[in-house]
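Letter by letter, the chains look like this.
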Amino acid sequence: MHREERTNQILVITSHQGLVGIIQEAVQGSLEITHAADEKEGLEKARKNFPNLIVLGYIDPPGTAFQLHRKLREGWITKNIPLLLVDADTSDQAHRVLSLEEGLQIEADDYITLSGVDTQASATRLARPIAALMDRVQTRIQQNANVLREAILDPEVFCITWEQIPGRGAFEMQQEELIENARRAAKKGTVHAVSVTDNPGGNPAISTEILCTEVRKLGIEPLVHLAFRDKNRNECESVLYGLAGLGVRNVLMLTGDYPSDGGFKGRSKPVFDLDAVHGLQMLDMMNAGMDHETMGRKVKLAPTDFFAGSAVSPFKATESELLCQYYKLDKKIRAGAKFVIPQLGYDARKMHEIMLWLRMHGHVNVPVLANIYILPLGAARLMNSNGIPGAVVSDKLLATIAEEAKDKDKGRSARIMRAAKMYAMAKGMGYAGAHIGGHGISYETLEEIVQRGDEMAPRWRDLVPEFDFPQPDGFYFFEKDPDTGLNTERSAPRKEKGAKPPIYQFARVAHATMFNPSSVVFKSLRPMVKMIDNSHRMKSAFEFCEHLAKVAMFGCQNCGDCALFDVAFLCPMSQCPKSQRNGPCGGSYLGWCEVNPEKKCVWVRAYQRLKSHGAEGEIVEDIVPPPNWELMGTASWLNFYMGRDHSARKLGIAPPETKAGSKKAAQSQAGQGAKA
C-alpha cells in the first residue's frame, strides 16, 4: 500500500488515557486513533506506522515529552509528520507537557492548552486545531502525490516527460541549464516529469541521483535513469533506498551503454552485475518491504513507493533481434515494469507494432511513452552509423534531413514539425504520453511541439506516410495493412533460418542424459559426485578438468552458477560483454554485438539455435537470476548435482544427504545461492 493511500491515522502519545478519549471525541470516528503510553512505544509506532498526525501529551516522567518532541522533529522518518502538542492548564508544572523554558524551544506545528476536566468541552476545543492540521495533512498528501504515476496511468491525460542530459563535472553550464530547465518546467505545468539520464554513452557524468533530488526540490517529479553498467546489486540497493528516503520515486531501469574510453585513465571496468529484469524484481521486493537476515534474525524493511519503468527496442531489423527484444520485455513486465519507453526510431509501423504486441500478449494495461527526439543532421548521421547504439535512422531519413538542412534555418522548423507529428501519431495510436528529448532544446520549443502535436492529433492517420522509413529487408512482427500503412493483427511469417552447430547438438544430448534429474545417468552419477564434493583433493582436480573442458567448448569464465542451460548452451558471461542472462540489450545492430561488432549477439545466436528445434519461445519462459558470486571459481557441474546453483533449484534438485551434520551445511549453501 502506498503511503499516500493509507487510512488517515492519528497517533496519540501520552501517559494520560483521558487525552485519548478527548481526541476520539474530537474526531468522532472519522480518523483511526492509535495510542502509545510512553516514549519508547511512541517512537516505535511513529517510525513503523508513519501516521498522518502525532498528538503529544504529557508523558511520565516530567520532561520526557519535550525530549520525545525533539527526537520526532530530528528523526529521518518522523521529521515531516505534523505534530500537535496538547497541554493541561494546571498549577502543577511537573505534570505539564512543557515547562516555561521548554515552551520557548518547541518545534511543533501547533500547541494548545486545555483547561478544566470537561471532556466534551476539551474535545470541542481540540476539534478545530485537529481539523486544521488534518487539512494541512491532506494538502501535504496531495502535494506528495506522484504526478508522473497519476499522469501515465490516467487515460484522460497525455503524459509529457522532458529528457535532460547531465554533463561531466560539478560546476559546468550543462548542469546549470538542466536545473534551469527543470525550474521552468515546474512553473509552467506542461511537463509531468523531468527525466535525467545516467552516464549516457557510457561517459562519466554528474550523478543522476543527486540531480534528481535537486529537481524534486523545485516542485516537479524527476524520472531517474538507473543503468547497471557501473553498479553492483549492493550499490543499486543503496542508491534506491537513498532516493526513496529523499522522495524520488520514479525510476527507469536500463542495462546501460557500455563504458566509453573517456574515463579516468581510460575505460572503466564494466559491472553489469544485474540486468533490467533483476532491477525491476529488486524494486518490486523493496515496494513490498524487503526481507533480509541480520545477526540470525529475520527483518522486514519498511516498504518503498517506487514507480518503475523500462525500455524496449522495437526498431530492430532482424527477426531474431526483434523477437528477443519482445521476449525480454515480457520478462520485464512480469518482473514489475509499470510503463515502457521504447528506444528511438522514426518508423510509424514500428511505433504501431509495439502497441499491438502489448495488446496481443495481454499487457493492455502497460502504458507506453513515445520516444521523440528533435533530430538535427549531426545526430542523424551518428545514429545512422550506429554511433548511438539502439537509435535507428535509416538512409532514407538521413537523406531527407540532409535536404532539410539546406534551408535558411538549417532544418530547425522541419525537425520541430517532425517531432510534433510523431507526438500526434503517438496520441492517435493510444500511447500514454511522450518522452521528449533533444540536445539544447528550450522549454519554448517543447511547448511548441506539444501545441502543434495536439492540433494535429485528430488527423494523425494522414501523417503516417511521412514516417515510412523502413530498414532494408527489415522484419516486422505483424503483416502490413495496405490501407493504413500500419499493421494488421496477423503475425508476419518468420523466415529466419535456425542453426544447428555440432557443439549445440552435442550439448543437447549431454544435457538430456547427464543433467536431467529423471535420467538414469544423473541418478547413477549423483553418489559419485557427492563423494567428489566431500574430498578436497578430488574436488580440486574435478574443478580443474571441468574448467578446461568448458573453456574449450563454451569459453567458460568459471562463474560457478552456469547459465548455459538458459541461453541455448552459449555462455552469456563470456560471450556477452554486458553479461545479459535474460535477453539482449538494445544496442545490437543487424544482429551484431554493440561492443564487439565483429561478433553476432549471443541472444541472436541463441534464438537461431532454439529455432532449429522449434523452441525459440523457451527464451521467455523463465527469469534467470543473477549469478551467485559466492560460487565463483567452483565447479558448476558439482554445484548443479549438489543442488547449489539456480538451475538445480529450478529443477527441484535438493542437496543430497551427506555425512552427519553436513546436510544442514549443504542446505545453507543452497539457501545462500537462492538469495541471488
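Our structure's up above, just so we're on the same page.
Read on for a plain summary of the structure. Quick caveat, the model's predicted, so the values are computed rather than measured. (Residues numbered from 1 in each chain as written. Predicted model: local features only at pLDDT ≥ 70, side-chain atom pairs only at ≥ 80, totals over all residues. Heavy atoms only, no water.)

1. Describing the sheet that holds strand E8 (residues 221-227)
Okay, so step 1: Read from one edge to the other, the open sheet built from eight strands follows the order E13-E12-E9-E8-E7-E6-E15-E14, with strand pairing classed as parallel. The open sheet has two edge strands with one neighbour each: strand E13 (339-342) and strand E14 (369-373). For this sheet, the mean inter-axis angle between neighbouring strands, taken without regard to orientation, is 25°.
Okay, so step 2: As paired elements, strand E7 (residues 193-196) and E8 share four bridges and run parallel to each other. The partner of Val-196 across the bridge, within E8, is Val-224. (Pairing = 2+ DSSP bridges. Helix = DSSP H or I, 4+ residues; strand = E, 2+ residues; numbered from the N terminus. Axes fitted to C-alpha atoms, helices over the stretch in contact; angles between N-to-C directions.)

2. Some thoughts on the nonpolar core
Okay, so step 1: Of all hydrophobic cores here, the largest spans 123 residues; its most connected members are Leu-375, Tyr-431 and Ile-436.
Okay, so step 2: Built from parts of two domains, this core gets at least three residues from each of domain 2 (147-491) and domain 3 (502-582 + 623-675).
Okay, so step 3: Counting 19 residues, the second largest nonpolar core, distinct from the first, contains Ala-36, Ala-46, Ile-54 and Val-97. (Core = buried A, V, L, I, M, F, W, Y, C linked by side-chain atoms within 4.5 Å. Buried < 20%, exposed > 50% of the residue type's maximum accessible area, 1.4 Å probe, protein only. Domains from an automatic or database assignment.)

3. Focus on the packing of helix H7 (residues 173-188) against helix H16 (residues 443-456)
Okay, so step 1: Following both chains from N to C, one finds H7 and H16 inclined at 45°, their axes separated by 10 Å at the closest point. Considering the angle they form, H7 stands oblique to H16. Between H7, through Arg-184, Ala-185 and Lys-188, and H16, the contact on the second element is made entirely by Tyr-443, Glu-444 and Glu-447.
Okay, so step 2: Per-class residue counts for the contact of H7 with H16 are two nonpolar, no polar and four charged. (Parallel < 35°, antiparallel > 145°, perpendicular 65-115°, else oblique. Contact = heavy atoms within 4.5 Å. Nonpolar A, V, L, I, M, F, W, Y, C, P; charged D, E, K, R; others polar.)

4. A word on the pairing of strand E10 (residues 291-294)
Okay, so step 1: When E10 meets strand E11 (residues 297-300), the two strands line up antiparallel, connected through four bridges. Directly across from Thr-294, in E11, lies its bridge partner Arg-297.
Okay, so step 2: In this structure, the hairpin formed by E10 and E11 is closed by a connection of two residues, where Met-295 is found at a positive phi of approximately 55°.

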